[in-house]
Amino acid sequence: MKRISRNCMRSVVKFGMAGKHPANICLNKDGKNCHNCGGACHDGEFKKFPGYQYDFVGGDSKPEEAALQHSQMQNIVAEITKESNGSVRNEIIQKEDSLMPVSESMVQEIVQQVMAKMQIADAPAEKQHGVFKDMNDAIEAAKKSQEIVHKMSMDQREKIISCIRKKIKENAEIMARMGVEETKMGNVGDKILKHHLVADKTPGTEAITTTAWSGDRGLTLVEMGPFGVIGAITPCTNPSETVLCNTMGMLAGGNTVVFNPHPAAVKTSLYAVNLVNEASLEQGGPDNIAVSVENPTLDTSSVMMKHKDIHLLVATGGPGVVTAVLSSGKRGIGAGAGNPPALVDETADIRKAARDIVNGCTFDNNLPCIAEKEVVAVSSVMENSCIIC
């Protein structure tokens, strides 16, 4: 099976997010338009959510624009059907055979699903930027790139980071679908929102500050400098999100990063590694600002953690991997299990608390470790409430 061209992928992604539905069955309408905001209530707030402008049926679009979009969509479906050996068309025929009305939004969703499956099944690792067969080769490539990165100005680094942000938004849906398809965990809508959050909120070079103190005893100047090459272990629960967030923050500080992703999410993780390197190259930066290996294992992780050119280790995962990093003898940063309780006391708005707790603990099927895992309510709350749910 052929690999889908990136231009074709971008053309489909821009048509919107998963979960669209006909206006006549939408419970959240703002009059004539039906918007999908990743599960959020639409009432006047939909414009705060990414992709809303693509997620409507009818409404303010001009007839000629709608006709053009329909024509473009048909061409895209035809191209991807050809590339996928008919997978897209077969999916559509199955829907028609089940007597389910097939809308254009449904076709778009099917296209995205097939594209994600094809990326996982057929993405050739050797053609992706930053992907190596051997961990030692990956580290050596990252070291050479770091020698370039640490000499770059803050403005140059920020241009690369800005391009990464743009590419994350363009590829948010395909990475969300790849993550769900590969790991069988989470849900697409919430993962799309997480990718947009990474793009919008991950700190860049603005976080790299210089501090000075002066007084009777002289002047103290504190400037942040790079560690060099950082080794990072990433989870299967947030595979692409972690790669992208780590790379942007580490690049801002003048570092490059070597990833050992979770084997259950290797395709999705390598897709993100390739994406950040493409952004760097497009902005005149070096390749291999982020690197990884085709087949990450415990052995490749051990090589990375013990390598003399890795000066800082970062781990996102369970207690075992975090403990291993923090006891490695090198400087380490660990983000392990959070599993926080939610405390509800007598000052709480019970209905709002219940709604917020449920929304938090169900987000992405409760994968984030920061999501609520249990509820502790004081006795006065329990006495005045039938149930907190």
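Remember, predicted model here, so these are calculated numbers, not experimental data.

K.L.:
Hey, could you run me through the overall build of the protein chain in this one?
P.N.:
Counting its regular elements, the protein chain contains 13 helices and ten strands. Taking all 389 residues of the protein chain together, the buried fraction comes to 46%. Long-range contacts, defined here as pairs at least 24 residues apart, represent 72% of the contacts in the protein chain between residues at least 6 apart.

K.L.:
Any chance you could explain helix α10 (residues 298-306) here in plain terms?
P.N.:
In an α-helix, one turn spans 3.6 residues; hence positions three or four apart end up facing the same way. Three or more residues of α10 are buried, namely Thr300, Ser301, Met304 and Met305. In an axial view of α10, the angular spread of the buried residues amounts to 135 degrees, which keeps them on one side of the axis. Set apart from the buried face of α10 by more than 90 degrees, the exposed residues are Asp299 and Lys306. Each element contacted by the buried residues of α10 is listed here: α5 (135-149), β4 (229-234), β5 (256-261), β6 (290-293), β7 (310-316) and α11 (319-326).

K.L.:
Honestly, the side chain of Thr234 in this entry has me stumped. Any pointers?
P.N.:
Within the fold, Thr234 resides in strand β4. Thr234 sits in the buried class, given a relative accessible area of 3%. Residues in contact with Thr234, not counting those within four places in the same chain, are Thr242, Val243, Asn246, Phe259, Asn260, Pro261, His262, Ser269 and Thr316.

K.L.:
It is not clear to me how the confidence of the model for the protein chain should be interpreted in this structure. Could you clarify?
P.N.:
Detailed conclusions should not be drawn from predicted coordinates in areas where pLDDT is low. The share of residues in the protein chain with pLDDT of 70 or more is 66%, and the mean pLDDT across the chain is 78. Predicted confidence for residues 1-63 stays below pLDDT 50, and this span has 118 contacts to residues more than four positions away or in other chains.

K.L.:
I'm lost on the pairing of strand β9 (residues 341-344) in this one. Help?
P.N.:
Side chains Ala342 and Val344 of β9 all project onto a buried face; the interleaved residues Pro341 and Leu343 project onto a face where none is buried. In terms of strand pairing, β9 meets strand β10 (residues 374-377) through four bridges, oriented parallel. Across the sheet, the residue bridging to Leu343 is Val376, located in β10. What joins β9 to β10 is helix α12 (residues 350-362), and the crossover it makes is right-handed.

K.L.:
In this structure, what is going on with the pattern of salt bridges? I would like to understand it.
P.N.:
Side-chain pairs of opposite charge can arise where the charged atoms are in close proximity. With the rule as written, the count across this model stands at 13 salt bridges. Between Glu170 and Lys166 there is a salt bridge whose closest N-O contact spans 2.7 Å. Of this pair, Glu170 and Lys166 are both found in helix α6 (residues 154-183), four residues apart, which corresponds to roughly one turn of the helix. Across the pair Asp200 and Lys169 runs a salt bridge whose closest N-O atoms are separated by 2.8 Å. Of this pair, Asp200 sits in helix α7 (residues 188-201) while Lys169 sits in helix α6, and the two are 31 residues apart along the sequence. Assessed through its relative accessible area of 47%, Asp200 is described here as partly exposed. Accessibility expressed as a relative area gives 38% for Lys169, which makes it partly exposed.

K.L.:
Sorry, what's going on with the nonpolar core here?
P.N.:
In a soluble, globular protein the nonpolar side chains are often hidden away together inside. Within the largest apolar cluster, 32 residues are counted, with the highest numbers of intra-cluster contacts made by Ile164, Ile168, Met175, Leu244, Phe259, Leu275 and Val276. For this core, the secondary structure elements donating two or more residues are α6, α7, β4, α8 (239-252), β5, α9 (266-282) and β7. Sort the elements by how many residues they give to this core and α6 lands first, with eight residues. By size, the runner-up hydrophobic cluster in this structure holds 15 residues, among which are Ile139, Val258, Val291 and Ile310.

K.L.:
Can you walk me through the sheet that holds strand β8 (residues 331-335) in this structure?
P.N.:
Pairing between the strands of a sheet is mediated by backbone hydrogen bonds and can be parallel or antiparallel. If you trace the six strands from one edge of the open sheet to the other, you get β1-β6-β5-β4-β7-β8, paired in parallel fashion. Each edge of the open sheet is held by one strand with a lone partner, namely β1 (131-132) and β8. Bridging between β5 and β6 involves two bridges; their strand directions are parallel. Each bridged residue has a counterpart across the sheet, and for Val258 the counterpart in β6 is Val291. Against the sheet, α10 contacts β4, β5, β6 and β7, and its axis sits at roughly 150 degrees relative to β4. Sitting on the sheet, α11 is in contact with β4, β7 and β8, with an inclination near 165 degrees to β8.

What counts and how
Residues numbered from 1 in each chain as written. Predicted model: local features only at pLDDT ≥ 70, side-chain atom pairs only at ≥ 80, totals over all residues. Heavy atoms only, no water. Helix = DSSP H or I, 4+ residues; strand = E, 2+ residues; numbered from the N terminus. Buried < 20%, exposed > 50% of the residue type's maximum accessible area, 1.4 Å probe, protein only. Contact = heavy atoms within 4.5 Å. Arc of directions from axis to C-beta. pLDDT = per-residue confidence, 0-100. Pairing = 2+ DSSP bridges. Right-handed = clockwise from strand over helix to strand, strands pointing away. Salt bridge = Lys/Arg side-chain N within 4 Å of Asp/Glu carboxyl O. Core = buried A, V, L, I, M, F, W, Y, C linked by side-chain atoms within 4.5 Å. Axes fitted to C-alpha atoms, helices over the stretch in contact; angles between N-to-C directions.

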